[in-house]
Amino acid sequence: MSLQIGDAAPEFETRDQNGNPVRLSDFKGKKVVLYFYPKDDTPGCTAEACNLRDNYNYLLKAGYEVLGVSVDDEKSHQKFIKKFNLPFALLADTDHKLVEAYDVWHEKSMFGKNYMGIVRTTFIIDENGIISDIITKVDNENHTEQILK
């Protein structure tokens with residue numbers, strides 16, 4: 001069953017790019033931008049991450065914490081952060097628990113080949129852990145505008 005606006009965001013525990021444990025409950029009392037993206041250092045994912053980076057202060061002023069999630073490992077995340085000077089944490093969901101809990105792991109198709117992957121989706125979670133918005137048609141180059149609308 002897909003998550004809906006008004007649902008409690010699924011609790012999770014995973015690791016960030018430095019191997020530190022991160023739980024959704026760590027952010028209780030704060031708004032969270034939890035954005036799922038397919039792969040580190042690919043054109044669309046880089047555009048999205050850099051848009052969030054370039055507008056990070058606006059997001060902070062609006063009270064948001066930003067967390068990116070992909071199935072890439074910690075080492076890949078470290079390289080991506082360093083290459084593009086990303087100021088927010090990237091979560092390594094190598095066991096696919098988050099992508100499955102948030103129902104963003106689906107069959108995709110490219111060049112006639114079917115494969116499983118992350119469907120780019122952003123969940124806006126309020127201070128009480130409730131999903132206040134779900135952005136499924138992500139505009140990589142203008143994503144902050146979609147979040148702050």
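Here the structure is a predicted model, which is why all the values come from computation and not from measurement. Throughout, residues of each chain are indexed from 1 in the direction in which the sequence is written. Thresholds applied to this predicted model are a pLDDT of at least 70 for local features of residues and 80 or more for the giving and counting of side-chain atom pairs; totals over whole chains, interfaces and linings are not thresholded and use all residues. No hydrogens and no water enter the side-chain calculation; it runs on all heavy atoms of the structure.

(A) Here's a closer look at the overall build of the protein chain. When you go through the protein chain residue by residue, the secondary structure sums to five helices and nine strands. In DSSP terms, a helix is any run of H or I states spanning at least four residues, a strand is any run of E spanning at least two, and both are numbered starting from the N terminus. N-terminal to C-terminal, the α/β element order of the protein chain is β-β-β-α-α-β-α-β-α-β-β-β-β-α. Taken over the C-alpha trace, the protein chain has a radius of gyration of 14 Å; the compact-globule value for 149 residues is 15 Å, and the two agree within 12%. Within the protein chain, buried positions represent 45% of all 149 residues. Whether two residues touch is decided by their heavy atoms; if any such pair falls within 4.5 Å, the residues are in contact. Considering only contacts within the protein chain whose residues lie at least 6 apart along the sequence, 62% involve residues at least 24 apart. As defined in this context, the radius of gyration uses C-alpha atoms, and a globule is described by 2.2 Å times the residue total to the power 0.38. Here the term buried applies to any residue with accessible area under 20% of the maximum for its type, exposed to any over 50%, and partly exposed to those in between, with areas from a 1.4 Å probe on protein chains only.

(B) Looking closely at the sheet that holds strand β4 (residues 64-70). Any two strands are treated as partners once DSSP identifies two or more bridges connecting them. Read from one edge to the other, the open sheet built from seven strands follows the order β2-β1-β5-β4-β3-β8-β9, with strand pairing classed as mixed. Looking at the sheet topology across the chains shown, the edges are occupied by β2 (21-23) and β9 (131-135). Along the sheet, successive strands turn relative to each other by an average axial angle of 30 degrees, direction set aside. Strand direction decides the pairing type here: β4 and strand β5 (residues 89-92), joined by four bridges, are parallel. Bridge pairing links V69 to L91 in β5. Here, axes are lines fitted to C-alpha atoms. For helices the fit covers the stretch in contact, and angles between N-to-C directions go from 0 to 180 degrees. Of the strands in this sheet, β1 (13-16), β4 and β5 touch helix α3 (residues 74-84), which is tilted by about 160 degrees from β5.

(C) Expanded view of the pairing of β1. As judged from the three bridges shared by β1 and β2, these two strands associate in the antiparallel manner. Residue T14 lies in a different strand from β2, and its bridge partner there is V22. Connecting the antiparallel pair β1 and β2 is a turn made up of four residues, with G19 showing a positive phi of about 85 degrees. With two bridges joining them, β1 and β5 adopt antiparallel strand pairing. Each bridged residue has a counterpart across the sheet, and for R15 the counterpart in β5 is A92.

(D) A look at the pairing of strand β6 (residues 105-110). In terms of strand pairing, β6 meets strand β7 (residues 113-118) through six bridges, oriented antiparallel. Bridge pairing links H106 to G117 in β7. Connecting β6 to the antiparallel partner β7 that follows it, the hairpin turn spans two residues, and F111 within it adopts a positive phi of roughly 55 degrees.

(E) Molecular detail of the pattern of salt bridges. When a carboxyl oxygen of Asp or Glu lies within 4 Å of a side-chain nitrogen of Lys or Arg, that pair is called a salt bridge. Within this structure, the stated rule accounts for nine salt bridges. With a closest N to O distance of 2.8 Å, D54 and R53 form a salt bridge.

(F) Representation of α3. All of the buried residues along α3 are H77, F80, I81 and F84. For α3, the angular spread of buried residues about the axis comes to 95 degrees, placing them on one side. Facing away from the buried side of α3 by over 90 degrees, the exposed positions are K75, K79, K82 and K83. Residues of α3 that are buried in the fold lie against α1 (43-54), β4 and β5. One side-chain oxygen at the N-terminal end of α3 lies 3.3 Å from the backbone nitrogen of K75; it belongs to D73. In this context, the arc is that of the directions from the helix axis out to the C-beta atoms. Any pair of nitrogen or oxygen atoms within 3.5 Å is treated as a polar contact; in protein, a donor-acceptor pairing is required on top of that, and neighbouring residues in sequence qualify only through side-chain atoms on both sides.

(G) Summary view of a nonpolar patch on the surface. Two distance rules govern patches: like charges are joined within 9 Å, and nonpolar side chains (Val, Leu, Ile, Met, Phe, Trp, Tyr) within 5 Å, applied only to residues with over 30% relative accessible area and no salt bridge. Using a 1.4 Å probe, the Shrake-Rupley method yields the accessible areas, and only the shown protein chains count as cover for residues. Residues M110, F111 and Y115 make up a contiguous nonpolar surface patch of roughly 370 Å² in combined accessible area. Assignment of secondary structure puts F111 in the loop between β6 and β7. With a relative accessible area of 79%, F111 lands in the exposed category.

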